[in-house]
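# Survey of secondary and tertiary structure
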Amino acid sequence: MPALNLASVHDRPSSPQPSRAGWAAVVSVTLGIFAVVTTEILPIGLLTSIGADFTVSDGMAGLMMTMPGFLAAVAAPLLTTATARFDRRLMLCAFTLLLALSNFLAAAAPGYGLVLVSRVMVGITIGGFWSIGAGLAERLVPPESAGRARAVIFSAVPLGSVLGVPAGTLIGDLAGWRTAFTVMGVLTAGVLVMLLRLVPPLPPVRATRLSVLGGLLRTTGIRLALLLTFLVVLAHFGAYTYVTPFLARVTDAGGGTITAFLLLYGAAGVLGNWLGGAWVVRRPRTVLGLAAGLIAAATLLLPALGRWDAGAVTLLLVWGIAYGAVPGASQNWFSRAAPDAPEAASVLFTASFQATISAGALLGGVVLDRTSPSAVMLLGGCVALLVVLALGAARATEG
């Protein structure tokens, strides 16, 4: 029996929307992922001020980054399978509402414990929204536009860096970190309205079951995708989570300078996303290997050259361009490894990506509290080099 007949009639994909309506829906999903990504990494630019407000160390404050990722890794498969028969538009809206509430809770939290509770809500949102939203491009636009739609959706990741973190840091400097979370909550509520108005009903195409995920985990392509994603994301977030303490202590940069540096880093990330998107469909191995090599170079050189503003900003630009290509390259690798199960591939991508964000933030926090920001950068660089070695080993095995 042909594979297309495995789904029941009512579970078959709905027809893509007309061009204008379909792209409006794509933009709405993109803004949803932008809100998710920005909320997740917003504490990076506010880490020092939040820690000072609650008298916790930078490493302890890093739990704000650690918790959402681990929870998202668990939530991605569980929520996707538990809600497999629900309209995907309805689920996107439910997760967006939860995200808005998490931002408002963080803004009003009287103690650090409630801030961490808000981050639990963020983790649940990430696991659900990203797993569903990342695989919707094919259902919103005609097949010939699906590649571009996927690139637009994933452009939300570097945009979260170029706009979210620097803007949040600037708002935190001007009006306090609580205001930054409040603004993010209002923006997320606006995204919810857009999803309700612009995204069409999206009945499930095919139920994603745990058995499907287990089957994918037994394939060589998925295992390699998991290994490479783990290493490159561990390297990046193990170091980038603590880039603000590095710039403050090693570069001796002030708050305004740090905000400007993060803005430039984010702009470089958008450029990297665009450059990587042009090549990733044809050469995902090359894109990921080059990105990992540049991340390694930037982080390994930062302790030496990052003592001066010019050296720090130059290496941050290189780092931003490199990491901007990573999410799209990783997602593309998962999609190529499981072409017949796009939502299941998105679940595994989300779970591995988010678990590793947490592992990186946790490892980096431990190293930071026991050593120095420079040691954190060196550790990230060494891990990034492992990606290059793993790709070389895989190529040798295939050859």
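Everything that follows concerns the structure shown earlier in this document.
What counts as what
Residues numbered from 1 in each chain as written. Predicted model: local features only at pLDDT ≥ 70, side-chain atom pairs only at ≥ 80, totals over all residues. Heavy atoms only, no water. 1 Å grid on protein atoms, 1.4 Å probe; cavity = no way out; pocket = protein on both sides within 12 Å on 5 of 7 lines; lining within 4 Å. Points joined across faces, edges and corners; volume = space filled by probe spheres on them. Helix = DSSP H or I, 4+ residues; strand = E, 2+ residues; numbered from the N terminus. Nonpolar A, V, L, I, M, F, W, Y, C, P; charged D, E, K, R; others polar. Buried < 20%, exposed > 50% of the residue type's maximum accessible area, 1.4 Å probe, protein only. Phe/Tyr/Trp six-rings, centres within 6.5 Å; stacked < 30°, edge-to-face > 60°.

Let us look at empty space enclosed by the protein. All told, the structure shown has three cavities of 30 Å³ or more when counted by the stated rule. Elements with a contribution of two residues or more to the lining of the largest cavity: α1 (19–53), α8 (156–175), α11 (220–240) and α17 (342–370). Partitioned by chemical class, the residues of the lining of the largest cavity number ten nonpolar, two polar and one charged.

What follows concerns unusual backbone geometry. Non-glycine residue Thr-55 carries a positive phi angle of around 50°. Here Thr-55 is to be found in the loop between α1 and α2 (58–61). One non-glycine residue with positive phi stands out, namely Asp-252, at about 60°. Examined against the element boundaries, Asp-252 turns out to sit in the loop between α12 (243–249) and α13 (255–279). Accessibility expressed as a relative area gives 64% for Asp-252, which makes it exposed.

On to the packing of aromatic side chains, then. Think of a pair of aromatic rings as described by two things: how far the centres are apart, and how the planes are tilted against each other in angle. Scanning the model with the defined rule gives seven aromatic pairs in all. Taking 6.0 Å as the distance between ring centres and 90° as the angle between the ring planes, the aromatic pair formed by Trp-177 and Phe-181 counts as edge-to-face. Within this pair, Trp-177 and its partner Phe-181 are both found in helix α9 (residues 177–198), separated by four residues, close to a single helical turn. As far as the burial class goes, Trp-177 and Phe-181 line up, both buried. Ring geometry for Tyr-240 versus Trp-319: centroids 5.8 Å apart, planes at 75°, classification edge-to-face. Placement of the pair is Tyr-240 in helix α11 and Trp-319 in helix α15 (residues 309–324), with a sequence separation of 79 residues. For the residue pair Tyr-240 and Trp-319, the accessibility class agrees, reading buried in each case. By way of ring pairs, the aromatic residues Phe-54, Tyr-112, Trp-177 and Phe-181 are connected into one cluster.

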